[in-house]
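Remarks on the overall topology
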Amino acid sequence: MTRNFQVSLEGRNFLVEMHGRVVRAGFFTSRRVVAEDGPTAEKIAIDAVQAMPDLRTMVRNDEADPPRIEVEKTVLLDAFEAEPAQPGLAWYAEDDDES
């Protein structure tokens, strides 16, 4: 049986261009997904963010220093109140000495 989930994600260690220079940044976002269980919902949500064309083109990381997307919280929902719009990414600058 499929169920409705909201998955909150945090992206970290993304080298992206902001205001004309490359900076290390992170973001928060959430995705509503339909899945059999929580782990499957989390994978679907992460895959959806990783597949975003704008994100794929703006990331400047090399293979030795990859970005990460981590699950912050997964919530089982009773139902979706309405078909949600695809949310964006809320970016923030990371400190260079943070890991």
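See the structure printed just above.
Procedures and definitions
- Residues numbered from 1 in each chain as written.
- Predicted model: local features only at pLDDT ≥ 70, side-chain atom pairs only at ≥ 80, totals over all residues.
- Heavy atoms only, no water.
- Helix = DSSP H or I, 4+ residues; strand = E, 2+ residues; numbered from the N terminus.
- Contact = heavy atoms within 4.5 Å.
- Areas by Shrake-Rupley, 256 points an atom, 1.4 Å probe, with all protein chains shown as cover.
- Core = buried A, V, L, I, M, F, W, Y, C linked by side-chain atoms within 4.5 Å.
- Buried < 20%, exposed > 50% of the residue type's maximum accessible area, 1.4 Å probe, protein only.
- Pairing = 2+ DSSP bridges.
- Axes fitted to C-alpha atoms, helices over the stretch in contact; angles between N-to-C directions.
- Salt bridge = Lys/Arg side-chain N within 4 Å of Asp/Glu carboxyl O.

1. Points about the overall build of the chain
- A count of helical and extended segments in the chain gives two helices and four strands.
- For the chain, the α and β elements follow one another from N to C terminus as β-β-α-α-β-β.
- Here the analysis covers contacts within the chain between residues at least 6 apart in sequence; of these, 77% occur between residues at least 24 apart.
- With an accessible surface of roughly 6500 Å², the chain has 49% of that area assigned to carbon and sulfur atoms.

2. Re the nonpolar core
- Residues Val-7, Leu-9, Val-49 and Ile-69 are the most contacted members of the largest nonpolar core, which totals 17 residues.
- For this core, the elements supplying multiple residues, two or more each, are strand E1 (3–18), strand E2 (21–35) and helix H1 (38–50).
- Leaving out residues up to four positions away in the same chain, Leu-9 has contacts with Phe-27, Phe-28, Thr-29, Ala-45, Ile-46, Val-49, Ile-69, Glu-70, Val-71 and Glu-72.

3. Structural notes on the environment of Phe-27
- Considering the arrangement of structural elements, one finds Phe-27 in strand E2.
- Judged by relative accessible area, which is 0%, Phe-27 ranks as buried.

4. Concerning the sheet that holds strand E3 (residues 68–77)
- Taking strand neighbours across the sheet as the criterion, the four strands line up as E3-E1-E2-E4 in an open arrangement whose pairing is antiparallel. Every interior strand has two partners, whereas the edge strands, E3 and strand E4 (90–93), have only one. Between one strand and the next, the sheet's axes are offset by a mean angle of 20°, whatever the strand orientation.
- Pairing analysis gives four bridges linking E2 to E4, with the strands arranged antiparallel. Counterpart to Gly-26 in the pairing with E4 is Tyr-92.
- Sheet contacts for H1: E1, E2 and E3; angle to E2, the most-contacted strand, approximately 135°.

5. As for the pairing of E2
- Here E1 pairs with E2 via 14 bridges, running antiparallel. Note on E2: the bridge partner recorded for Ser-8 is Ser-30.
- Following E1, the chain reverses through two residues before pairing antiparallel with E2; His-19 in that reversal takes a positive phi of roughly 55°.

6. Concerning the pattern of salt bridges
- The full count for this structure, using the stated rule, is six salt bridges.
- For the salt bridge of Arg-60 with Glu-17, the shortest nitrogen-to-oxygen distance reads 3.7 Å. Here Glu-17 lies in strand E1 and Arg-60 lies in the loop between helix H2 (53–58) and E3, a separation of 43 residues in the sequence.
- You can call Arg-60 partly exposed: its relative accessible area is 42%.
- Judged by its relative accessible area of 43%, Glu-17 is partly exposed.

By themselves, these figures tell us nothing about what the structure is for.
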